[in-house]
Amino acid sequence: MTTAPTVLITGATRGIGLACATRFARGGYRVTGVARTTGSDGEWLTASGAALIEADLSAPEGIAKVPHRAYDVVILNAATYTPGGMLDAEDAFEDLLPLNVLANHRLARRLLPKMIERKKGHLIVIGSTGTDSWPQHMTAYVATKYALRGLFRAWEIELTGMGVLSTLISPGATLTSSWDGEKPPADILLPATVAQAVWRAVEGGDTGRLTILP
Ligand code: NAP
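Residues numbered from 1 in each chain as written. Predicted model: local features only at pLDDT ≥ 70, side-chain atom pairs only at ≥ 80, totals over all residues. Heavy atoms only, no water.

Peer 1: Mind showing me how you'd approach helix α4 (residues 92–118) here?
Peer 2: Along an α-helix, residues three or four positions apart point the same way, because every turn accommodates 3.6 residues. In a regular helix each residue adds 1.5 Å, so 27 residues correspond to 39 Å; α4 covers 39 Å between its end C-alpha atoms and thus fits that length. By the largest-angle criterion, L102 marks the main kink of α4, which is about 40°. Every buried residue of α4 is listed here: A92, L96, L99, N100, V101, A103, N104, L107, A108, L111, L112 and M115. Just downstream of α4 lies K119, where phi reads positive at about 55°. (Helix = DSSP H or I, 4+ residues; strand = E, 2+ residues; numbered from the N terminus. Expected span 1.5 Å × (residues − 1). Bend = angle between axes of the 7 residues up to and from the residue. Buried < 20%, exposed > 50% of the residue type's maximum accessible area, 1.4 Å probe, protein only.)

Here you go:
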């Protein structure tokens, strides 16, 4: 009897994470999704056979709720966006760091050893083309995505020869709730397009940094 491959997806209830959950479920994967709250999309996910873990990943207690298994694919996707520059009264950078950077660092430390033990698996990290060019008001967000890009590059080196593949998928602007309250560009990706790129990277065993543009 063959068992279905497994995928863990953070931020699986909306936007790019939800599109990835849908794509991998359609591709025969057993999906474990993580989100802070299980809203109506979360209910849809569990109805379609996925397991959904409610956890605030910005805190160590939330990380500890993520099932500690040897997944075939791990997609580190969850992040939040708020505008913020160096000189703004509110310090957006400190607000964004725990989820956009630390959660991924902690999850990698939690989940990668089991994949390395099996010498098998694929780590997908969702970056952003924001680290290539960005408007002024995105300083805080882009700095967290740069930190994640740096972590990814270091993980890539650490994982060499370990049997675990790693890919940084960097989409351009994508139509999700991240754009609530801002004017999205006319030329914008759909979450399903990004999810399809993630799927192709896993199917093709593609590694390194892949940018996804409209
Ligand atoms: P989104 O629509 O805002 O969805 C974010 C997801 O993360 C939701 O499922 C949300 O669940 C979850 N989440 C938020 N805070 C969490 C927390 N503290 N703990 C656990 N889960 C949490 O996001 P998106 O736009 O699809 O972005 C996904 C990824 O793509 C991010 O890494 C982002 O940086 C990247 N990206 C986005 C764009 C874009 O234009 N949208 C462009 C380039 C890269 P809850 O509802 O429970 O909070």
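After presenting the structure, the write-up continues.
Peer 1: Help me understand the sheet that holds strand β4 (residues 73–76) in this model?
Peer 2: Strand pairing in a sheet is mediated by backbone hydrogen bonds. Such pairs are either parallel or antiparallel. Spatially, β3-β2-β1-β4-β5-β6-β7 is the arrangement adopted by the 7 strands of the open sheet, whose pairing is parallel. The outermost strands of the open sheet, each flanked by one partner alone, are β3 (51–54) and β7 (208–212). The mean angle between the axes of side-by-side strands here comes to 15°, regardless of whether they run parallel or antiparallel. Relative to strand β5 (residues 122–126), β4 runs parallel, the two sharing 4 bridges. (Pairing = 2+ DSSP bridges. Axes fitted to C-alpha atoms, helices over the stretch in contact; angles between N-to-C directions.)

Peer 1: When you look at the site of the ligand in this model, what are you seeing that I'm missing?
Peer 2: Residues in close proximity to the ligand total 30 residues, the closest being R36, N77, Y141, T176 and S178. With respect to the ligand, the backbone of A55 contributes an N or O atom lying 3.4 Å from a nitrogen atom. Against a free-state accessible area of 900 Å², the protein chains account for coverage of 94% of the ligand. Among the cavities detected, the one that contains the ligand is the largest pocket. For the shell around the ligand, the secondary structure elements donating two or more residues are α1 (15–26) and α5 (139–159). In terms of residue class, the shell around the ligand is made up of 13 nonpolar, 13 polar and 4 charged. (Near = heavy atom within 4 Å. Polar contact = N/O pair within 3.5 Å; in protein donor to acceptor, adjacent residues only side chain to side chain. Areas by Shrake-Rupley, 256 points an atom, 1.4 Å probe, with all protein chains shown as cover. 1 Å grid on protein atoms, 1.4 Å probe; cavity = no way out; pocket = protein on both sides within 12 Å on 5 of 7 lines; lining within 4 Å. Sits in = over half its atoms within 2 Å of the grid points. Nonpolar A, V, L, I, M, F, W, Y, C, P; charged D, E, K, R; others polar.)

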